[in-house]
Protein chains: 2
Amino acid sequence: MYLSGCSSDPVRENRRVAALVANFSRSPLQRNRLGESDAELVRIPGTDLLLAITTDAVVEEIEMGLYRNPYLIGWMTVVVSASDLAAVGADPLGILLNQTLPTGLAPGFEDDMQRGIRDACAACGLPPLGGDVNESDRLHVASTAVGTVPAGEAMMRSGTRPGDHLFLTGRAGLGNAFALQVLTRVPEVARVPYRPVARLQEGLLLRRFASACMDTSDGVVATLDELMRRSRFGLQLEPTSLRILHPEARKLARKSGIPTFAFLAGPHGEFELIFSIPPGRLSEFRTAADAAGISILELGVARQEPGLQLADQESGAWPDTAGIRNLSPREAEDLDLYLSHLVALADPAI
Amino acid sequence: MYLSGCSSDPVRENRRVAALVANFSRSPLQRNRLGESDAELVRIPGTDLLLAITTDAVVEEIEMGLYRNPYLIGWMTVVVSASDLAAVGADPLGILLNQTLPTGLAPGFEDDMQRGIRDACAACGLPPLGGDVNESDRLHVASTAVGTVPAGEAMMRSGTRPGDHLFLTGRAGLGNAFALQVLTRVPEVARVPYRPVARLQEGLLLRRFASACMDTSDGVVATLDELMRRSRFGLQLEPTSLRILHPEARKLARKSGIPTFAFLAGPHGEFELIFSIPPGRLSEFRTAADAAGISILELGVARQEPGLQLADQESGAWPDTAGIRNLSPREAEDLDLYLSHLVALADPAI
């Protein structure tokens, strides 16, 4: 059950990628196994550095109509890969952009998109190095972010041990709140302010302390599921863990009646980092985080007993986290059906 | 006239990219200006190395129906960026793949495509490091190749001086011969064997000698035009230069009546390298190339007088090389019209 990135992985996407690359050989210089870190880590010969490199395309979000605003599309094109650099603790070098642009775009669309790219690059401290521009009738954007990490300091998704404390770099649920607002008829509260930033500064601090790290690009539950699967541990989310919910998500939950857990379990994340700190490094880490002005939220303590447990539901439910990851909002007939499946998987005892 | 990569560049694609990135800031670590090298070159802090990194998507070739065979699509996904690493003389580290895959692909299509990727990676000595897989109803593929070059040894598109000798790493015109055969009703000769290899081994040799280098991904004429524009030199292609034409291109020219020049001027290249060697390094270079078993073809000697001159046409024509690059086979009503424009631009005196 707790194998990741192989053909018996219960997470469909992991199985899919493992099958696709089954016959590819790996570089002897590569330090991470398949899917073991948010960015690929490759030793640079003749140096004490690892190259950290990662690529991501923004496809489903555009095609589903989740990202329509060109500025947001440009912004997210940068953040999706910048955030993976943050999660391994890389010193950023820059970013490459792939833009396949339709000729018939609305006036200003292209300019707004480039402004989004430029502003996100500036916000992440990740200069655009180059890229490739193509024409098609279909918009398609992707980026590749690159940086370096001193060998031995790179963070992976594996490495958490029972007793380690799990943290989050910021409040969660904003990505799913945004998606709900855009894609459903959830009553219009104020517009959800979705413009996530890659936590590169945080990553540079964390690499000195963390035993594992991963970003919440696919939501908090998917991230916890992957971290738990990689290192075979479990976590009990205390009721107080709802402190981690972003106020906008909390507000939307109240207005819509959708359970707060759905905002952590949905697949549209907010690009915070989830990381674990060994107990012996805790106080030193807290001091360093305070000194750096980096705020953190505690999620709980890793335990031997595997799986995620929700202490705040009457049943003390164990959500089927792999099942939740295998749910696709795209494949569900509609979003209401998706949400009802999500809620059912959150508390299989019901 | 001889400005490249700025708003007054006569080459439409260069202007397009320059406008798109006009407001982007550049990294102080980046060693190349916009479009000055086939791959981006960035100093890696704390080392004597430059990072060489480049990304390319295969879009128009798939959408035009030029690449239909899934094995070839996979193969070319690797070669398009691997070749750019070769052109800067990089020691390869690896490649990342972006694959946006339709769910309804024909059985075996995905497997064949992955075999193409795997085989091209092996042929180029460029291990797959990772990537990103997405779903859409539209196939979209891209890659990012990465390597390193000792600072001071990276080759750029600029740097050729009058008196330098220009060479090609292999016979040219196969890319355009392949395109003609696939896209038009040119009489079926034997199937043109198009499976270009990135010249990474050659690049490692060339970086010790060459004053400039660029790959022929967009055809020989586009490459020469860019090299001449970057360093303000000219070149007279002697009649004997048709030695550089691939036998398959020569055969197709004979059967179809299409002028041989079109096989050098069309935009679908063969991923050879064009490079210049200063006269003082010539004999040392030839000895080293012989010792390495690398065959080269001479194109001519760079001269002060700008532009490309064809000594083998009666008029001693000066083709409008920027005009040729601005011709788009996609935008022409049909390929015959494109070819007639191409021939007219090849010899404006007619």
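Residues numbered from 1 in each chain as written. Chains lettered and ligands numbered in written order. Predicted model: local features only at pLDDT ≥ 70, side-chain atom pairs only at ≥ 80, totals over all residues.

Turning to the sheet that holds strand β6 (residues 165–168) of chain A, a few remarks are in order. Residue and element names in this part refer to chain A. The four strands are arranged β7-β9-β6-β10 in an open sheet whose pairing can be described as antiparallel. Edge strands, defined here as strands with exactly one partner in the open sheet, are β7 (212–215) and β10 (297–301). Taken over all neighbouring pairs, the strand axes of this sheet differ in orientation by 20° on average, direction set aside. Pairing analysis gives four bridges linking β6 to strand β9 (residues 273–277), with the strands arranged antiparallel. The residue of β9 that forms the bridge with His165 is Ile277. Lying on the sheet, helix α3 (residues 70–88) is in contact with β7 and β9; it crosses β7 at an angle near 170°. Where helix α7 (residues 220–231) meets the sheet, it contacts β7 and β9, and its direction lies at approximately 150° from that of β7. (Pairing = 2+ DSSP bridges. Helix = DSSP H or I, 4+ residues; strand = E, 2+ residues; numbered from the N terminus. Axes fitted to C-alpha atoms, helices over the stretch in contact; angles between N-to-C directions. Contact = placed C-beta atoms within 7 Å.)

The next subject is the sheet that holds strand β5 (residues 140–150) of chain B. Residues and elements named next belong to chain B. Strand order across the open sheet formed by five strands is β1-β2-β5-β3-β4, with mixed pairing between neighbours. Both outer strands of the open sheet, β1 (40–43) and β4 (128–135), are each paired with one neighbouring strand and no more. Neighbour to neighbour, the strand axes of the sheet diverge by 15° on average, direction disregarded. In terms of strand pairing, β1 meets strand β2 (residues 49–58) through four bridges, oriented antiparallel.

Let us look at the interface of chain A and chain B. In this complex, chain A contributes 46 residues to the contact, which on the side of chain B involves 47 residues. Every element with two or more residues in the side of chain A that touches chain B is listed here: α1 (12–20), β1 (40–43), β2 (49–58), α2 (60–63), β3 (91–101), α4 (109–124), β4 (128–135) and β5 (140–150) of chain A. Ranked by residues supplied to the side of chain A that touches chain B, first place goes to β4(A) with eight residues. A class-by-class count of the residues in the side of chain A that touches chain B yields 19 nonpolar, 17 polar and 10 charged. (Nonpolar A, V, L, I, M, F, W, Y, C, P; charged D, E, K, R; others polar.)

Keep in mind these numbers describe shape, not what the thing actually does.
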